[in-house]
Amino acid sequence: MKQKILATTALAAVLYAGALSASAQEIRFMCSSDGAECEVLNELATRFEADRPGVDVIMDVVPYQAILESLPVQLAAGTGPDLATVTDLGGLNRYYLDLEPYVDRDYWEASFGDVLDWYRADPDDDGIYGLHILMTVTGAFINRTLFEQADVEVLGADASWQEWAEASRAVAQATGTTFPMAMDRSGHRIAGPAISYGAKIFDENGEPILVDDAFTGYVQKFVDWHEDGTMARDVWAGQGGGSYRDAAQEFINGELVYYYSGSWQTGRFDEQIADSFDWQVVGSPCGEGGCTGMPGGSGLVGFKQTKHPEIVAALMDYLAQERTYGEFSGRTRNIPAHRAVASAGVDYEGASKSAAAALKAWGAQVGRVSPIAFAYQGYRNNRAMFNITVQRVTQAIVGELTVGEAMERAKADLAAVLTETK
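Residues numbered from 1 in each chain as written. Predicted model: local features only at pLDDT ≥ 70, side-chain atom pairs only at ≥ 80, totals over all residues. Heavy atoms only, no water.

Per an unreviewed UniProt entry, the protein goes by ABC transporter, substrate binding protein and derives from Sinorhizobium sojae CCBAU 05684. As recorded by UniProt, the Sequence similarities (unreviewed entry) comment attached to the protein reads in full: "Belongs to the bacterial solute-binding protein 1 family." According to the UniProt record, the Subcellular location (unreviewed entry) comment for the protein reads "Periplasm". (UniProt positions renumbered as here; feature names shortened; annotations may be inferred.)

Right, here's the structure in full:
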């Protein structure tokens, strides 16, 4: 198997626009990851090739921005790869290869039934399009050492947002820590807490509404926490538009007591925090709507423009098998979306005691995710709704709008999106 690492989005576009197949059974695999995912997929694809003479899988490792920006353009022009890792799971559905003619549907439904809908076009679509290779769930990390130094008890699994805010402020005050709490600047990240507060996101007919009384209630609390210093203000107020910002470095530096982010930070924290302090996954706080985070992650999809659909489907099916999928999850230290692999447990080889405990805790959080959160993650216009949330909540935080005004603008924004998409 050949592997190329493409350092720029522009280079990725040039490669795909001008690439010609060197063999009758060559397929191109566009891959992006934060950790070792592409490296491990490369090794597994090499094993796949060994049993199929003449098959050549060429992996091109690209920046995540290339997946977001260049890949949709290439697919629209008919110059994209044969398969790729994606995070806009349903948004690119019109380009996906339906695997059903080539795989065992019963096996895929039994193994990945919770997430197959995320890749489909609408409720009437029953195709099999994506292999969910990286399951994520949002939730919180705490600096446990700071809790111990402050002699503040770590709260239980059923604690509320208000209780965590009070505990985090107490720890920060007792230890002189800069920030009690922080949350990534992301519409996806704030969605779970809002649903826990009771937000429905959709009406009784399944149509998106985004804003209701419970959603507004959480946003008001979130804005209040920025005003009184509970939340690290610059994470949200220091950015504009729909841009993303996390607070991982503040947590790594020991400047943050409670950090609401997600499972994908585990490997980074394990490597960069090391023995500096003890940290712990505490999941998502509870409310009227439960104790839910937002699920997510990335998937592997094939594209119907490929000249070799059988090979693309065969590779994806090989990666979907329990043994192969379990190895991938363990080596990349990811939460499995495969039901049997999750049930059996994953051997996270080489993981430290802290990382292994964290990954186990994240796996337990998946079962607490609300059906509303699963539906929101699978909704085709969720990216637009996430962006609306970020922009309008930020305006309330910085004082450009009241919370009420921001929520009214969010409703109007959503109405415009729905009109345009229809």
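On a regular strand, each side chain points to the face opposite its neighbour's, so the side chains alternate between the two faces of the sheet. A large share of strand β6 (residues 179-183) lies buried, amounting to four of its five residues. One ladder, built from four bridges, connects β6 with strand β7 (residues 256-262); its direction is parallel. The residue of β7 that forms the bridge with Met 183 is Tyr 260. (Buried < 20%, exposed > 50% of the residue type's maximum accessible area, 1.4 Å probe, protein only. Helix = DSSP H or I, 4+ residues; strand = E, 2+ residues; numbered from the N terminus. Pairing = 2+ DSSP bridges.)

Quick look at the pattern of salt bridges now. Close approach of charged atoms allows side chains of opposite charge to pair. This structure, assessed with the given rule, holds 16 salt bridges. A salt bridge links Glu 109 to Arg 120, with the shortest nitrogen-to-oxygen separation between them at 3.4 Å. On the criterion of sequence distance, the pair formed by Glu 109 in helix α4 (residues 105-112) and Arg 120 in the loop between α4 and β5 (130-143) is long-range, its members being 11 residues apart. The class of Arg 120 is buried, set by a relative accessible area of 9%. Glu 408 is the salt-bridge partner of Lys 411, the closest N and O atoms lying 3.3 Å from each other. (Salt bridge = Lys/Arg side-chain N within 4 Å of Asp/Glu carboxyl O.)

Turning next to the packing of α4 against helix α12 (residues 309-320). A pair of packed helices is characterised by two quantities: the angle between their axes and the separation of those axes. For the pair α4 and α12, the least separation of the axes is 12 Å and the interaxial angle reads 45°. Accordingly, the angle class assigned to the pair α4 and α12 is oblique. Here α4 runs over α12; the crossing is left-handed. Each of Tyr 107, Trp 108 and Phe 112 in α4 lies in contact with α12, whose residues at this interface are Met 316, Asp 317 and Ala 320. Partitioned by chemical class, the residues of the contact of α4 with α12 number five nonpolar, no polar and one charged. (Axes fitted to C-alpha atoms, helices over the stretch in contact; angles between N-to-C directions. Parallel < 35°, antiparallel > 145°, perpendicular 65-115°, else oblique. Left-handed = near helix turned anticlockwise from the far one by under 90°. Contact = heavy atoms within 4.5 Å. Nonpolar A, V, L, I, M, F, W, Y, C, P; charged D, E, K, R; others polar.)

Side chains of nonpolar character tend, in soluble globular proteins, to be buried together. In terms of nonpolar packing, the biggest core is built from 136 residues, with Trp 108, Leu 131 and Tyr 258 touching the most fellow members. For this core, the leading source of residues is β5, giving eight residues. When residues are assigned to domains, this core turns out to be shared by domain 1 (25-135 + 297-356) and domain 2 (137-295 + 370-421), each giving three or more. Non-local contacts of Leu 131, meaning those with residues more than four positions away in its chain, are made with Trp 108, Phe 112, Tyr 119, Ser 298, Gly 299, Leu 300, Met 316, Leu 319, Ala 320 and Tyr 325. (Core = buried A, V, L, I, M, F, W, Y, C linked by side-chain atoms within 4.5 Å. Domains from an automatic or database assignment.)

Under the criterion given, the structure shown has 28 aromatic pairs. With centroids separated by 5.3 Å and ring planes inclined at 50°, the aromatic side chains of Trp 161 and Tyr 260 adopt a geometry described as tilted. Here Trp 161 is found in helix α6 (residues 161-175), whereas its partner Tyr 260 is found in strand β7, with 99 residues between them in sequence. Take Trp 161 and Tyr 260: they sit in the same class, and that class is buried. (Phe/Tyr/Trp six-rings, centres within 6.5 Å; stacked < 30°, edge-to-face > 60°.)

As a further point, take helix α11 (residues 266-273). Of the residues making up α11, those classed as buried are Thr 266, Phe 269, Asp 270 and Ile 273. Along the long axis of α11, the arc covered by the buried residues comes to 100°, so they all point the same way. Elements in contact with the buried residues of α11: β5, α10 (248-252), β7, β8 (279-283) and α15 (353-366). After α11 finishes, the residue Ala 274 shows a positive phi value of roughly 50°. (Arc of directions from axis to C-beta.)

Bringing the layout of surface pockets into the picture now. Empty space within the second largest pocket amounts to approximately 500 Å³. Along the walls of the second largest pocket sit 21 residues, with Asp 122, Pro 123, Ala 375, Gly 378 and Tyr 379 positioned nearest its centre. Counting only elements with at least two residues in the lining of the second largest pocket, the list comes to α16 (371-378) and α18 (403-421). No other element matches the three residues that α16 contributes to the lining of the second largest pocket. By residue class, the composition of the lining of the second largest pocket is nine nonpolar, four polar and eight charged. When residues of the lining of the second largest pocket are assigned to domains, at least three map to each of domain 1 (25-135 + 297-356) and domain 2 (137-295 + 370-421). (1 Å grid on protein atoms, 1.4 Å probe; cavity = no way out; pocket = protein on both sides within 12 Å on 5 of 7 lines; lining within 4 Å. Points joined across faces, edges and corners; volume = space filled by probe spheres on them.)

When you line up the elements, Thr 324 lands in helix α13 (residues 322-332). The exposure class of Thr 324 is buried, given its relative accessible area of 10%. Not counting the four nearest positions on each side in its chain, Thr 324 is found in contact with Leu 44, Tyr 318 and Leu 319.

Quick look at empty space enclosed by the protein now. Tallied over the entire structure, the rule returns one cavity of 30 Å³ or more. Roughly 40 Å³ of internal volume is contained in the largest cavity. Around the largest cavity, the lining residues are Leu 41, Leu 44, Leu 131, Ile 133, Leu 319, Tyr 325 and Phe 328. Those elements that place two or more of their residues in the lining of the largest cavity are α2 (37-50), β5 and α13. When the residues that make up the lining of the largest cavity are grouped by side-chain class, the tally is seven nonpolar, no polar and no charged.

The subject of this paragraph is the domain arrangement of the protein. Annotation of the protein at the domain level lists domain 1 (25-135 + 297-356) and domain 2 (137-295 + 370-421). Computed from C-alpha atoms alone, the centre-to-centre distance between domain 1 and domain 2 is 29 Å. With 13 residues of domain 1 in contact, the opposing surface of domain 2 contributes 11 residues. Contact between domain 1 and domain 2 buries roughly 1,100 Å² in total, counting both sides, with carbon and sulfur atoms accounting for 55%. (Buried area = accessible area lost by both parts, 1.4 Å probe.)

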